[in-house]
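Residue-level structure breakdown
Each chain, written out:
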Amino acid sequence: MPRPTDAGHRRHHPVSAAERDWLLRCYVLRATDSLAAAVVMYAVPLLVLTLTHSPGWAGLAFMLEWVPRLAAIAGAGPIIDRHSPRVAVLATSLLRVGAALATMVGLAAGAGPWLVLLFGVTAGMLAEAAFLANEAVGAEASRRAGERAHRVQSVLTGTDQAALLIGPMIGGLLLLAGPALLLAAVAILSTVTATVAASVRTHRPHLHIVSDPIARHPLASLATGMGTLRRTPALAWLVGALACVNLASGLLQVSAPVTVTRTLHHSSAAVGAVWSIAAALSLAAVALAHRAIDRWGLLTVGTASAAAMCTATLASALAPTLTLYAAAVGLLMAGEGAVTVVLRTARARLIPERAFAATLATTVLLVLAPLPLAGLLVALWPAGHLPLLVAVTGLAVSAGTFACFRGLRAHRAAWANTDSEQLLKAA
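1. Brief notes about the overall build of the chain
Each helix and strand in the chain was counted, giving 17 helices and zero strands. Taking all 427 residues of the chain together, the buried fraction comes to 50%. The contacts of the chain with a sequence gap of at least 6 include a subset with a gap of at least 24, amounting to 85%. Accessible area for the chain stands at about 19,500 Å²; split by element, carbon and sulfur atoms hold 67% of it.

Here it is in structure tokens:
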């Protein structure tokens, strides 16, 4: 029997130097991959606008970047299950390096904007596959951490949020020096990710993330999820509300480069600054949302946050200065952060445990579908009237969000029969 002092010593110092090194590599892996993905996501439409001076091309780039992302979400899971997540991160990183370098060479040789569009499509798909693989690596890190698992997940979540915060700023600043420097930065970040992924090894085979030796076909999972949506009206209303939220934020994301550089006459770095400030406000809203829900309840906080989003969308269309525009975008992102907490909390209560994974994948696809639609709208809309498009979409989003929250209120018994603290734990 070990002495109590020995047991206490193991509780306070359970992590060996080798384990700490392995965990640090996981953190670096997540940080570099998330930052590269964030830079690409925000910079590709801006890069296309810089090369073509056409808002239509920028909208097309955003649409083409997101459509394959949706397909990657549905198809990457079974592929990652058949191989190790580490190999998946390594492969996606190397492919992203190759795509960035090939795009640099092509632009230097005089290739048109279609090459940047192709890079956006490729990088978007690789980003989604790498994200799923990194989630699996994070799950393994949590299991290895034992009682410290919550600390591991806290660091990983903070890493993702930090990447979303500084990624737009980095992309905007690098683009001032030219497309080549931006693409080189993506290649360097991806090279670091690949290097770290090659060194992250596990010596315990039972820790590999393979929950099911025979992965289900993506179409079968989607069919199961759609069946759950049909049988759960409250969940359908909830997905509709999240889709409306994403349409508003997606439209501002793809139109911001045009608005800031053309309408408000500022540099591309200002575009990154606007989104970085908005991301910071969104993080603050997420941090405060839990306390607000405890005090006023899910429905009240969700309704107020959605109203703030709709108001901000309309305000952004009318903003005459960069300061007011940044304030409107910041309010929209803060409202989106809070309403997402509310709706994800309700979703955790509504999705049945037996079909949780399939239904969750389906809801994610439906919720993200408005993002390529936002790109298509900007691509087809006359460039000189983008504020009108934002205003009209804001009104449509307001009506859709109101209808969805009315439906949620009508089915309140299906998702609000548990106190907020329990729901938040479930989320």
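Having seen the model, we can carry on.
2. Considerations on the packing of helix α4 (residues 85–108) against helix α7 (residues 179–199)
How two helices pack is summed up by the angle between their axes together with the distance between the axes. For the pair α4 and α7, interaxial distance at closest approach is 8 Å and the crossing angle is 160°. As judged from the angle between their axes, α4 and α7 are roughly antiparallel. The crossing of α4 and α7 is left-handed. Here α4 contributes Arg86, Val89, Leu90, Ser93, Leu94, Arg96, Val97, Ala100, Leu101, Thr103, Met104 and Leu107 to the contact with α7, which in turn contributes Pro179, Ala180, Leu183, Ala184, Val186, Ala187, Ser190, Thr191, Thr193, Ala194, Ala197 and Ala198. Its residues assigned to classes, the contact of α4 with α7 comprises 17 nonpolar, five polar and two charged.

3. Looking at α4
Over its 24 residues, α4 runs 35 Å from end to end, which matches the ideal 34 Å to within 8%, given 1.5 Å per residue. Pro85, Ala88, Val89, Thr92, Ser93, Arg96, Val97, Ala99, Ala100, Thr103 and Gly106 are the residues of α4 that are buried. Gly110 occupies a position one or two residues after α4 and carries a positive phi of about 100°.

4. Describing a nonpolar patch on the surface
Together, Leu24, Val28, Ile188 and Val192 make up a nonpolar patch on the protein surface, roughly 320 Å² of accessible area in all. Put simply, the parts of the chain that give the nonpolar patch at least two residues each are α2 (17–52) and α7. Tracing the backbone shows Ile188 in helix α7.

5. Re the pattern of salt bridges
This structure, assessed with the given rule, holds two salt bridges. Between Asp21 and Arg25 there is a salt bridge, and its shortest N-O distance comes to 2.9 Å. Of this pair, Asp21 and Arg25 both sit in helix α2, four residues apart, which is roughly one turn of that helix. Residue Asp21 is classed as partly exposed on the basis of its relative accessible area, which comes to 35%. Here Arg25 falls in the partly exposed class, since its relative accessible area comes to 31%. The partner of Asp33 in a salt bridge is Arg96, with the nearest N and O atoms 2.7 Å apart. Taken as a pair, Asp33 in helix α2 and Arg96 in helix α4 lie far apart in primary sequence, 63 residues in all.

6. Re the environment of Thr261
Here Thr261 shows up in helix α9 (residues 233–263). With 211 residues separating them in the primary sequence, Thr261 and Thr50 have C-alpha atoms 9.7 Å apart. In this view, Thr261 contacts Leu49, His266, Ser267, Ser268 and Val271; residues no more than four positions away in its chain are not counted.

7. Examining helix α15 (residues 386–410)
For α15, spanning 25 residues, the distance from its first C-alpha to its last is 36 Å, which sits close to the expected 36 Å at 1.5 Å a residue. Considered for burial, the residues of α15 that qualify are Leu386, Leu389, Val390, Ala391, Thr393, Gly394, Val397, Thr401, Cys404, Phe405, Gly407 and Leu408.

8. Describing the confidence of the model for the chain
Averaged over all residues, the pLDDT of the chain equals 77, while 79% of them reach at least 70. A low-confidence stretch, residues 1–13 (pLDDT under 50), is modelled with three contacts involving residues beyond four sequence positions or located in other chains. Segment residues 202–215: pLDDT under 50, and 19 contacts once partners within four positions in sequence are set aside and those in other chains are kept.

9. Regarding the nonpolar core
Core analysis: the biggest nonpolar cluster contains 83 residues, and Phe119, Leu238, Trp275, Tyr325, Val329, Leu343 and Phe405 have the highest contact counts within it. With 16 residues, α9 is the largest single contributor of residues to this core. The contact partners of Phe119, leaving out residues within four places of it in the chain, are Val40, Val44, Ala99, Ala100, Thr103, Leu183 and Val186. One finds Cys26, Tyr27, Val196 and Ala197 within the second-largest nonpolar core, a separate group that totals 15 residues.

10. Structural notes on the packing of α9 against helix α10 (residues 268–296)
Where α9 contacts α10, the two axes come as close as 8 Å, and the packing angle between them is 145°. The handedness of the crossing between α9 and α10 is right-handed. Together, Ser249, Leu252, Gln253, Ala256, Pro257, Val260 and Thr261 of α9 and Ser268, Ala270, Val271 and Trp275 of α10 make up the contact between the two elements. Residues belonging to the contact of α9 with α10 are distributed by class as follows: seven nonpolar, four polar and no charged.

11. Focus: the side chain of Arg30
If you trace the backbone, Arg30 turns up in helix α2. Ignoring anything within four residues of it in the chain, the contact list for Arg30 reads Asn134, Glu135, Leu156, Thr159 and Asp160.

12. Digging into the state of the cysteines
All told, the structure shown has zero disulfides when counted by the stated rule. Its sulfur unpaired, Cys310 is 8.0 Å from the next cysteine sulfur, which belongs to Cys244. Free cysteine: Cys404, not disulfide-bonded; nearest cysteine sulfur from Cys244 at 4.7 Å.

13. Re the side chain of Thr92
Counting through the fold element by element, Thr92 comes out in helix α4. The class for Thr92 is buried, based on a relative accessible area of 8%. Beyond its immediate sequence surroundings of up to four residues, Thr92 is in contact with Leu126, Ala129 and Ala130.

14. Here we look at unusual backbone geometry
With a phi angle near 60°, His265 is a residue other than glycine that sits in the positive phi range. Here His265 is to be found in the loop between α9 and α10.

Criteria and thresholds
Residues numbered from 1 in each chain as written. Predicted model: local features only at pLDDT ≥ 70, side-chain atom pairs only at ≥ 80, totals over all residues. Heavy atoms only, no water. Helix = DSSP H or I, 4+ residues; strand = E, 2+ residues; numbered from the N terminus. Buried < 20%, exposed > 50% of the residue type's maximum accessible area, 1.4 Å probe, protein only. Contact = heavy atoms within 4.5 Å. Areas by Shrake-Rupley, 256 points an atom, 1.4 Å probe, with all protein chains shown as cover. Axes fitted to C-alpha atoms, helices over the stretch in contact; angles between N-to-C directions. Parallel < 35°, antiparallel > 145°, perpendicular 65-115°, else oblique. Left-handed = near helix turned anticlockwise from the far one by under 90°. Nonpolar A, V, L, I, M, F, W, Y, C, P; charged D, E, K, R; others polar. Expected span 1.5 Å × (residues − 1). Patch = residues over 30% accessible without salt bridge, like charges linked within 9 Å, V, L, I, M, F, W, Y side chains within 5 Å. Salt bridge = Lys/Arg side-chain N within 4 Å of Asp/Glu carboxyl O. pLDDT = per-residue confidence, 0-100. Core = buried A, V, L, I, M, F, W, Y, C linked by side-chain atoms within 4.5 Å. Disulfide = S-S within 2.5 Å.

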